[in-house]
Amino acid sequence: PLRSLISLSLSASQVSSLSLQVLIHFDQYFTAFLLLLTLLLFTYKAVLLPYPPGIIGWEVIALLAWSGTQYARLYLGSMGNKLEMRSPLVWLLGLSGVSLLGEIFLISVQTYVLRAESFLFTVALVLTASEAVLALYTVFQIQNEHLKPF
């Protein structure tokens, strides 16, 4: 029994991406940090800057929607990568587009954008794009592995 397990583990190839998993893990902490910091910056801006009525509420809702999309995207990407499943990784790719749009909004279309926000959301944008590229590569690797003859 032990020899068959050893030979089985030697013959099975792993197609999940360590680089993708490291980026996802880092991005989970970065997203939490960015969410808390941006909420604090919204409080700062609401007190010191003259916002048009009702606008700051919509911008906070946009931030919360972005963070929800991020965590759904990261969960699906991590699960798809670890289990070597294509469909969660494809969902990560689709949600990456939504997340990128949210990051572009939070960098450029807000009423007031501070330098810290601009820098941090640019880092988030680079992370999201990098994860999408690695996820696409991993999807192709998984597809090729499933097409191999035994």
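Heads up: these notes are all about the structure in this document. (Residues numbered from 1 in each chain as written. Predicted model: local features only at pLDDT ≥ 70, side-chain atom pairs only at ≥ 80, totals over all residues. Heavy atoms only, no water.)

Proteins that are soluble and globular tend to have nonpolar side chains buried together. Of all hydrophobic cores here, the largest spans 12 residues; its members are Phe30, Leu34, Leu35, Phe42, Tyr51, Leu63, Trp66, Leu106, Leu120, Phe121, Ala124 and Leu127. Where this core is concerned, the elements lending two or more residues are α2 (18-48), α3 (55-83) and α5 (115-147). (Core = buried A, V, L, I, M, F, W, Y, C linked by side-chain atoms within 4.5 Å. Buried < 20%, exposed > 50% of the residue type's maximum accessible area, 1.4 Å probe, protein only. Helix = DSSP H or I, 4+ residues; strand = E, 2+ residues; numbered from the N terminus.)

Quick look at the environment of Val123 now. Tracing the backbone shows Val123 in helix α5. Of the residues examined, Val123 reaches a relative accessible area of 27% and is grouped as partly exposed.

Turning next to unusual backbone geometry. Positive phi, normally seen in glycine, also occurs at Glu84, with a value near 55°. With respect to the helices and strands, Glu84 occurs in the loop between α3 and α4 (86-109).

In the structure shown here, the tally under the stated rule is 3 aromatic pairs. Seen from their ring centres, Phe26 and Phe30 are 6.0 Å apart, and the 20° between their planes marks the pair as stacked. Here Phe26 and its partner Phe30 are both found in helix α2, 4 residues apart, which amounts to about one turn of the helix. Taking relative accessible area as the criterion, Phe30 reaches 10% and is therefore assigned buried. Plain terms: the ring middles of Tyr51 and Tyr112 are 5.1 Å apart, the flat faces sit at 85° to each other, and that makes the pair edge-to-face. Highlighted residues: Tyr51 in the loop between α2 and α3 and Tyr112 in the loop between α4 and α5, separated in sequence by 61 residues. (Phe/Tyr/Trp six-rings, centres within 6.5 Å; stacked < 30°, edge-to-face > 60°.)

Attention shifts here to α5. An ideal rise of 1.5 Å per residue puts 48 Å on 33 residues; α5 measures up with 48 Å between its terminal C-alpha atoms. Among all positions of α5, only Glu117, Leu120, Phe121, Ala124, Leu127, Thr128, Glu131, Ala132, Ala135, Thr138, Val139 and Ile142 are buried. Buried residues along α5 sit against α2, α3 and α4. (Expected span 1.5 Å × (residues − 1). Contact = heavy atoms within 4.5 Å.)

So, about the packing of α2 against α3. Here α2 crosses α3 at 170°, and the two axes come no closer than 10 Å. When the axes of α2 and α3 are compared, the pair comes out roughly antiparallel. The residue makeup of the contact of α2 with α3, split by class, is 15 nonpolar, 9 polar and 4 charged. (Axes fitted to C-alpha atoms, helices over the stretch in contact; angles between N-to-C directions. Parallel < 35°, antiparallel > 145°, perpendicular 65-115°, else oblique. Nonpolar A, V, L, I, M, F, W, Y, C, P; charged D, E, K, R; others polar.)

Two side chains with opposite charge may pair up if their charged atoms get near one another. Taken as a whole and assessed by the stated rule, the structure comprises 3 salt bridges. Note that Lys45 and Glu117 form a salt bridge whose closest N and O atoms lie 3.0 Å from each other. Taken as a pair, Lys45 in helix α2 and Glu117 in helix α5 lie far apart in primary sequence, 72 residues in all. Here Lys45 and Glu117 have matching classes, each one buried. For the salt bridge of Glu131 with Arg73, the shortest nitrogen-to-oxygen distance reads 2.7 Å. Of this pair, Glu131 sits in helix α5 while Arg73 sits in helix α3, and the two are 58 residues apart along the sequence. For the pair shown, Glu131 and Arg73 are each scored as buried. Three or more residues joined by partner-sharing salt bridges are found here, namely Asp27, Arg73 and Glu131. (Salt bridge = Lys/Arg side-chain N within 4 Å of Asp/Glu carboxyl O.)

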